[in-house]
Amino acid sequence: MQTLAELSLLALLAYTLVGVAFGIAFVLRGVSVIDPAASTAGLGFKLTILPGCAALWPLLLVKWLRPKRSLRAGP
Amino acid sequence: MSVGYAAIQWSKPKRRYDLIVGLAIIAYIGTFMLVSKMLWTGASAISDEVLILRALGSCGFILLHIILCIGPLARFDPRWLPVLFNRRHLGVMTFFIALAHGVIAIGYYHGFGTINPLVSLLTSNTEFASVQAFPYQLLGVVALIVLFLLAATSHDFWNKNLSAATWKRLHMSVYGAYVLLVAHVALGALQNDRGLLGPIATVLGVCTVGVLHLLAAWRERNRDLSSPTSSVAGEEWIDVGTPAEIPDDRARTVCAPGGERIAIFKHNGRISAVTNVCAHQGGPLGEGAIIDGCITCPWHGWQYKPQDGCAPPPFQEKVATYRVRISAGRVQVNARALPPGTPTDPVSARSEAANV
């Protein structure tokens, strides 16, 4: 039981560390890619969304890497 | 509503709201500590750590009840809308109070051994089959994780980028957190509580949340059922009533056969219809009013022009619109939603057809 608990916590720690590292990169670069309205936002906004970015990093990674559709594309 | 993002979109009412809530929290915790110290003296005295733990836990639990009750209360009485207006800040405060409760609890009950406190939390009690000895702390931990996710995604950035529907679904998990916390309290604090105040207050709280939600659902269901439809040439038209039954600068809401609610507004003698669901957090537009010529959501003040469902410039939000007509003196709305931002021709409430 203790080993399972330790392994679960290790996995959670790894997820969180990757999330925090990703979150910092995302708020610095990625956020303005997926949402241009965020490009002029200040440090306070970036710090506010950082915990969410660290928690939901797989979702944001997919959004960041997904090619953006051109807004000028015709019908 | 904003064209850019800020950390917190402060306004004077929001600052006042947060100040009042902050002071109320401090007053509650202070009073709880003081009264407990006066009540429990001598051999039955409770340590400061346990007192602060109980004060924070009960404070967070009460705040969660308030958060859950605001929505239905605002539907019955618009005087609750100012409390609803800043509910997200209340939610974030609740998370921080719950976090403080959790950190102190883990430190106090698991922090003095030789193994990692979190490992101790997960392994020290595995009596899952027992009611009396159930590891209720784990229920609190799961609820805390849910509250964290809700607080972390409370910014409008998440609403926009997760999509309003996904955001709404995610934030509905507050009910899951609430159930876990009721179980956490019932299997934990109430098991050790020899008084009646705790159990009575918990039962009253649960009943209040439940009854308010049931009443709100029942009221909405009754309103939905009273919307007769007629089908003409493959198009479904929903009866709204006479033009006079729609109050000026307000709306009547009806439900389309697919379940979508439609808000039909009257402004300057002209009638138009939009979806009842605000693009922001799904607020009930039909319970709002027309202010400065725009439909204004009662929850957070997001605005849309009644004729095309578009937010006034420079904002870019849009909601679906619906065609409206007057037939035999009665207002009818087409059941099919038009794409968000589609211009429509508002019909005159004083037209000849309206006077039939």
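The structure displayed is predicted, hence computed values, not measured ones.

*Asks:* Explain the overall build of chain B here, please?
*Replies:* Across its full length, chain B carries 11 helices and 12 strands. Summarising its shape, the C-alpha atoms of chain B cover approximately 85 × 40 × 35 Å along the three principal directions. Counting only residues that meet the buried cut, chain B has 45% of its 356 residues in that class. In chain B, the share of contacts with a sequence separation of at least 24, taken over all contacts with a separation of at least 6, comes to 55%. Carbon together with sulfur atoms contributes 64% to the accessible area of chain B, which is approximately 18,100 Å² in total.

*Asks:* How should the packing of helix α1 (residues 12-39) of chain B against helix α2 (residues 48-76) of chain B be read in this particular structure?
*Replies:* Two quantities define a packed helix pair, namely the angle between the axes and the distance from one axis to the other. Residue and element names in this part refer to chain B. The contact between α1 and α2 brings their axes to 9 Å, and the two run at 135°. Judged by the angle between their axes, α1 and α2 are oblique. Of the two possible hands of crossing, α1 and α2 adopt the one that is right-handed. Between α1 and α2, the contacting residues are Ile 25, Tyr 28, Ile 29, Phe 32, Met 33, Ser 36 and Lys 37 on the first element and Asp 48, Leu 51, Ile 52, Arg 54, Ala 55, Leu 56, Ser 58, Cys 59, Ile 62 and Leu 63 on the second.

*Asks:* Explanation requested: the nonpolar core in the structure shown.
*Replies:* Across soluble globular proteins, you tend to see nonpolar side chains buried next to one another. Residues and elements named next belong to chain B. Ranked by size, the top nonpolar core spans 33 residues in total, and within it Ile 25, Ile 29, Leu 90, Phe 265, Val 274 and Leu 285 carry the most contacts. Counting residues per element, the ones that place at least two in this core are α1, α2, α3 (81-85), α4 (87-110) and β4 (261-267). The greatest single-element share of this core, amounting to 9 residues, is contributed by α2. Lining this core are residues from two domains, each supplying at least three of them: domain 1 (12-223) and domain 2 (229-355).

*Asks:* Sorry if this is basic, but what is going on with the confidence of the model for chain B here?
*Replies:* Should pLDDT be low for a region, the predicted coordinates there are not to be read in detail. Looking at chain B as a whole, its pLDDT mean stands at 90, while 96% of the residues score no less than 70. Scoring the predicted complex yields pTM 0.84 and, for the interface, ipTM 0.90.

*Asks:* Looking at this structure, how should I read the interface of chain B and chain A?
*Replies:* By a frequent convention, interface size equals the accessible area lost on bringing the separate parts together. Between chain B and chain A, the residue contacts involve 21 residues of the former and 24 residues of the latter. Here chain B and chain A share an interface that buries about 1,800 Å² over both sides, 79% of which is from carbon and sulfur atoms. Together, Tyr5(B), Phe157(B) and Trp158(B) form the three largest contributors to the area buried by chain B at its contact with chain A, with a combined 29%. Put simply, chain B and chain A have 1 salt bridge between them. Among the elements of the structure, α5 (117-123), α6 (136-152) and α7 (156-161) of chain B are those that each provide at least two residues to the side of chain B that touches chain A. A class-by-class count of the residues in the side of chain B that touches chain A yields 14 nonpolar, 6 polar and 1 charged.

Rules of the game
- Residues numbered from 1 in each chain as written.
- Chains lettered and ligands numbered in written order.
- Predicted model: local features only at pLDDT ≥ 70, side-chain atom pairs only at ≥ 80, totals over all residues.
- Heavy atoms only, no water.
- Helix = DSSP H or I, 4+ residues; strand = E, 2+ residues; numbered from the N terminus.
- Buried < 20%, exposed > 50% of the residue type's maximum accessible area, 1.4 Å probe, protein only.
- Contact = heavy atoms within 4.5 Å.
- Areas by Shrake-Rupley, 256 points an atom, 1.4 Å probe, with all protein chains shown as cover.
- Axes fitted to C-alpha atoms, helices over the stretch in contact; angles between N-to-C directions.
- Parallel < 35°, antiparallel > 145°, perpendicular 65-115°, else oblique.
- Left-handed = near helix turned anticlockwise from the far one by under 90°.
- Core = buried A, V, L, I, M, F, W, Y, C linked by side-chain atoms within 4.5 Å.
- Domains from an automatic or database assignment.
- pLDDT = per-residue confidence, 0-100.
- Buried area = accessible area lost by both parts, 1.4 Å probe.
- Salt bridge = Lys/Arg side-chain N within 4 Å of Asp/Glu carboxyl O.
- Nonpolar A, V, L, I, M, F, W, Y, C, P; charged D, E, K, R; others polar.

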